[in-house]
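These are the residues of each chain, in order.
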Amino acid sequence: MAKILVTENVHPVGPDLLRAAGHQLVFADRDMDIIRREIVDADAVFVRIIDLDEALLSTAKNLKVISKHGVGYDNIDIEYCKRRSIPVTLAVGSNSQSVAEHTFALMMALAKNLIPVSRAYAQIGFAAKNSAPGMEVAGKTVGIIGLGHIGTRFAHMCAGGFGMKVLAYDPYIQSAPEGVELTYDLEGLLRQSDVVSLHCNLTDETRHILNRERIALMKPTAILLNCARGPMVEQDALVDALQSGRLAGAGLDVTDPEPVPEGSPLFEIPNLIITPHYAPTTREASIRVSEIGCQNILDVFAGKDPEGRLV
C-alpha cells in the first residue's frame, strides 16, 4: 500500500481508483501545513496548481511519482525531478476541449460586446441598443501561439465553425492541420491578426512572449486571449494598451500574479473579461483529468510507462 498526497480537491473518480487498488490517500485541500507535513513520507503526489519547488520536494524521502492534474507543469520543479529521477506525468488531452471552448467563448463575448451591453441595458434601458457595434468574426484572421492539443482544437473551431483564416506560430512543429497556416514569423502574425490567442507552455522562452513591443504591433481593433499562463503576457503593458484604446479587448483566464490582488486595475477595465483559471472547469474535464491523473500514478507503480510521462 502506497501513501498518496492529493494537494487540492479533485473529482472523486480518480481517488476512487486509487482506493480500489488499496492505497492510502491524504487530502490537503490547499493547506500548506498539511502538504509540508504529509509529503515527507508520501509515495506519490497528485497536484493541481500548488507550487512543488525544490525546497518542498527535497523533504519528500519516498517520492516515486508526481502526477499533474492537467497539462501545465510550470508549478513543478522539473529540473529537480530529473536529477532525482522522479517521474512526472501529465493528464494529456484531458481538458483540451474545455479550455478551447472557454477561449472561444471569451472571443465571442468580446467580439459581440456582450458584457458591457448587458450592463448598459440594466443601467439605461433599451437605449443600450445604441452601444458601440460589435465585430463579426467570420472571415477574420486569428493568430494562435502554440499549436498543441488546445491550440489545435481552437483552430478547428475558428476555421471550421466561422471560416476564419488561421495563422499559427509554433517553432517546434514542421506541419499544421488542414485549414491552418503555419508561420515562424511571430511579429507578422501579430500585425495580421484580428484575434490573438495563447496556447503554449510557460517556459523561459515564452515568459513575456507578448511584451510591450509585441503588443504594440497588434491592430487597435484586435482582441487578445490568454487561457494558457499569465506570465506569457507583460500585464502592465496589456493594461496600458486596453486603457489607452491601443487594443480593442482582452480575455484572460490566467494572470500574473494569480490570483489577482484585491483592488487590481484589471477588475475596472470595461474591455477586459477576466475569469479565475476557470477554463478547464467543466464536469466532463474534471472527470477525465482526475481519472487520467490517478491512472498515471497506478501505471508508474505497476512499472508501466504512462502516456503522459514528462520526466
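Data block above holds the structure.
The following refers to the structure shown. Treat the numbers as computed from the prediction; the structure is a model and nothing was measured.

## Some thoughts on unusual backbone geometry
Piece 1. In this structure, Pro257 follows Asp256 across a cis peptide bond, with omega equal to 5°.
Piece 2. With respect to the secondary-structure elements, Pro257 resides in the loop between strand S11 (249-252) and strand S12 (272-274).
Piece 3. Even without being a glycine, Asn113 presents a positive backbone phi close to 55°.
Piece 4. Structurally, Asn113 can be placed in the loop between helix H5 (96-111) and helix H6 (114-124).
Piece 5. For His208, which is not a glycine, the phi torsion comes out positive at approximately 55°.
Piece 6. Looking at where His208 falls in the secondary structure, it is placed in the loop between strand S9 (195-198) and helix H9 (212-215).
Piece 7. We classify His208 as partly exposed; its relative accessible area is 34%.

## Notes on the sheet that holds strand S7 (residues 165-169)
Piece 1. The strand order S8-S7-S6-S9-S10-S11-S12 describes an open sheet built from seven strands, whose pairing is parallel. Each edge of the sheet is formed by a strand with only one pairing partner; in this case those strands are strand S8 (180-183) and S12. Neighbour-to-neighbour, the strand axes of this sheet turn through a mean angle of 15°, independent of strand direction.
Piece 2. As paired elements, strand S10 (residues 223-226) and S11 share four bridges and run parallel to each other. Following the sheet pairing, Leu225 is matched in S11 by Gly251.
Piece 3. Here H5 sits on the sheet and contacts S9, S10, S11 and S12; the angle it forms with S10, its principal contact strand, is near 155°.
Piece 4. Contacting S10, S11 and S12, helix H10 (residues 235-244) crosses the sheet at an angle of about 140° to S11.

## A word on the sheet that holds strand S2 (residues 24-27)
Pairing between sheet strands relies on hydrogen bonds along the backbone, with the strands arranged either parallel or antiparallel.
Piece 1. Ordered in space as S2-S1-S3-S4-S5, the five strands form an open sheet in which the pairing is parallel. If you trace the sheet from one side to the other, it starts and ends with S2 and strand S5 (88-90), each paired once. Going from strand to strand, the sheet's axes swing by 20° on average, the running direction of each strand aside.
Piece 2. Note that strand S3 (residues 44-47) and strand S4 (residues 65-68) share four bridges and pair parallel.

## Focus on the packing of aromatic side chains
Piece 1. Per the stated rule, a full pass over the model turns up three aromatic pairs.
Piece 2. For the ring pair Tyr121 and Phe126, a centre distance of 6.0 Å and an interplane angle of 65° mean the geometry is edge-to-face.
Piece 3. Accessibility expressed as a relative area gives 60% for Phe126, which makes it exposed.
Piece 4. Every member of this aromatic cluster is reached through a ring pair, and the members are Phe104, Phe154 and Phe162.

## Some points on the side chain of Ser197
Piece 1. Note on placement: Ser197 falls in strand S9.
Piece 2. A distance of 2.7 Å separates the side chain of Ser197 from the side chain of His199, its partner in a polar contact.

How each quantity is defined
- Residues numbered from 1 in each chain as written.
- Predicted model: local features only at pLDDT ≥ 70, side-chain atom pairs only at ≥ 80, totals over all residues.
- Heavy atoms only, no water.
- Helix = DSSP H or I, 4+ residues; strand = E, 2+ residues; numbered from the N terminus.
- Buried < 20%, exposed > 50% of the residue type's maximum accessible area, 1.4 Å probe, protein only.
- Pairing = 2+ DSSP bridges.
- Axes fitted to C-alpha atoms, helices over the stretch in contact; angles between N-to-C directions.
- Contact = heavy atoms within 4.5 Å.
- Phe/Tyr/Trp six-rings, centres within 6.5 Å; stacked < 30°, edge-to-face > 60°.
- Polar contact = N/O pair within 3.5 Å; in protein donor to acceptor, adjacent residues only side chain to side chain.

Interpretation note: all reported values are geometric properties and have no functional meaning in isolation.
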